[in-house]
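Observations on the three-dimensional arrangement
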Amino acid sequence: MDNGTAGGAANGPANGPAVSRREFDALFERVRTWGRWAAADRGAWNRVTPDHVQRAAALVRTGTTVALGLPWNTRPGPDNDRPALHYMSDLGDVEPPEPAAHKDFIAVDYHGKAVSHLDALSHIAYRGQLYEGRAAREAVDAGGARFGSVQALGPLVAKGVLLDLPAVLGVDWLEPGCAVHAADVIAAERALAVTVDEGCAVLLRTGRFRRRRELGPWDPGTASAGFHVDAVPLLAERGLALLGGDGDSDVRPSPVEGLHSPVHALAITAMGVPLLDNLELEALSAACAEAERYEFMIVVTPLNVPGGTGSPVNPVAIL
């Protein structure tokens, strides 16, 4: 079965080049946006104005809708070490008859590799600080987050851009451990006739779930395709509002010494950009290929959880 590596990784380890902690800290300072917005715990979502929403709505031409959330996953596996819960709590036999009611219960520890979810700004701290330099120990405790909660974000309607790297490279998927670099982002923009610009949502397709269906599950916490940190300055310059993909945006193994999720730290903690993890992008890839365009309107509606560090989500792309 065909597979691929992104162009920028051709001359070294697939997840490389290696980045020192000093280089990473300099990059963190370079992309940092602290102090930019009054509504600080909404971070980069402040970029999305009513005008941006109207322009996103203008991208709707056929009315084709594509749900991007994974099915609720209750089966344990190498990529699901904390399965979601789902059981029936009422089979219609404990209430007076007519009409009978059937009820069920769901619960999930959603941060991980098996649930489509949104990371809010309280999810990631670096050097003890959240976005805006808020002390993590003071802002987050057993009661939840008092800064950067998912409740502060609310819903998002924006222009979405699918960076479909397997389509660009003519492969079925990127192999786990393959890094996507700034040069790959630029090449994808040219090949797919898209532009990452201010207030947009960037979704990276690596083909993870096609590979999973054809070859079986693996532990994406150990090896997964995703962005190298050298792609982040380009995305920061473009002024994106949201970053996501069929992985968790980070290439793994991490190329940065001592950091397991460097793109998380750069996006969330430095730039105030929430992340969408574990999206099902195969249907969107097919819809974009059929429509011959890789830009669309995206609607993200996280649960309204006071103090929540994120939320399970089922975003919708509308072409």
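Above this text sits the structure in question.
Residues numbered from 1 in each chain as written. Predicted model: local features only at pLDDT ≥ 70, side-chain atom pairs only at ≥ 80, totals over all residues. Heavy atoms only, no water.

Some remarks on the overall build of the chain
Helix and strand counts for the chain stand at ten helices and 15 strands. Relative to its length of 319 residues, the chain is compact, with a C-alpha radius of gyration of 20 Å against a globular reference of 20 Å. Dimensions of the chain, computed from the C-alpha atoms along their principal axes, are close to 70 × 50 × 40 Å. The buried share of the chain, reckoned over its 319 residues, is 53%. The contacts in the chain between residues at least 6 apart in sequence include a share of 79% that link residues at least 24 apart. Of the roughly 13900 Å² of accessible surface on the chain, 52% is carried by carbon and sulfur atoms. Between the mean site of the 28 positive side-chain charges and the mean site of the 39 negative ones, the chain shows a separation of 5 Å. (Helix = DSSP H or I, 4+ residues; strand = E, 2+ residues; numbered from the N terminus. Rg over C-alpha atoms; globule rule 2.2 N^0.38 Å. Buried < 20%, exposed > 50% of the residue type's maximum accessible area, 1.4 Å probe, protein only. Contact = heavy atoms within 4.5 Å. Areas by Shrake-Rupley, 256 points an atom, 1.4 Å probe, with all protein chains shown as cover. Lys, Arg positive; Asp, Glu negative; His and termini not counted. Charge placed at Lys NZ, Arg CZ, Asp CG, Glu CD.)

Details of the side chain of Asp-246
Positionally, Asp-246 belongs in the loop between strand 11 (242–245) and helix 9 (262–270). Every residue in contact with Asp-246, bar those within four places of it in the chain, is listed here: Leu-204, Arg-205, Thr-206, Gly-207, Arg-208, Phe-209, Asn-278, Leu-279, Leu-281 and Glu-282.

Things to note about the pairing of strand 7 (residues 156–164)
Within strand 7, eight of the nine residues are buried, which leaves the element mostly enclosed by the surrounding structure. Note: strand 7 against strand 13 (residues 295–300), six bridges, orientation antiparallel. Looking across to strand 13, one finds that Leu-156 is bridged to Val-300. Where strand 7 and strand 9 (residues 201–205) come together, five bridges link them in parallel fashion. If you follow Val-161 over to strand 9, its bridge partner there is Val-202. (Pairing = 2+ DSSP bridges.)

Overview of the sheet that holds strand 1 (residues 65–67)
If you walk across this open sheet you meet the nine strands as 1-15-13-7-9-11-12-4-14, and the pairing is mixed. What marks the edges here is a single partner per strand, and that holds for strand 1 and strand 14 (310–312). The mean angle between the axes of side-by-side strands here comes to 25°, regardless of whether they run parallel or antiparallel. Here helix 9 sits on the sheet in contact with strand 4 (117–119), strand 11 and strand 12 (275–277), set at roughly 140° to strand 12. (Axes fitted to C-alpha atoms, helices over the stretch in contact; angles between N-to-C directions.)

Regarding the packing of helix 1 (residues 21–31) against helix 9
Where helix 1 contacts helix 9, the two axes come as close as 9 Å, and the packing angle between them is 30°. Classified by the angle their axes make, helix 1 and helix 9 are roughly parallel. The chirality of how helix 1 crosses helix 9 is right-handed. Residue-level inspection shows Phe-24, Leu-27, Phe-28 and Val-31 of helix 1 in contact with helix 9, the latter providing Pro-262, Ala-265, Leu-266, Thr-269 and Ala-270. A class-by-class count of the residues in the contact of helix 1 with helix 9 yields eight nonpolar, one polar and no charged. (Parallel < 35°, antiparallel > 145°, perpendicular 65-115°, else oblique. Left-handed = near helix turned anticlockwise from the far one by under 90°. Nonpolar A, V, L, I, M, F, W, Y, C, P; charged D, E, K, R; others polar.)

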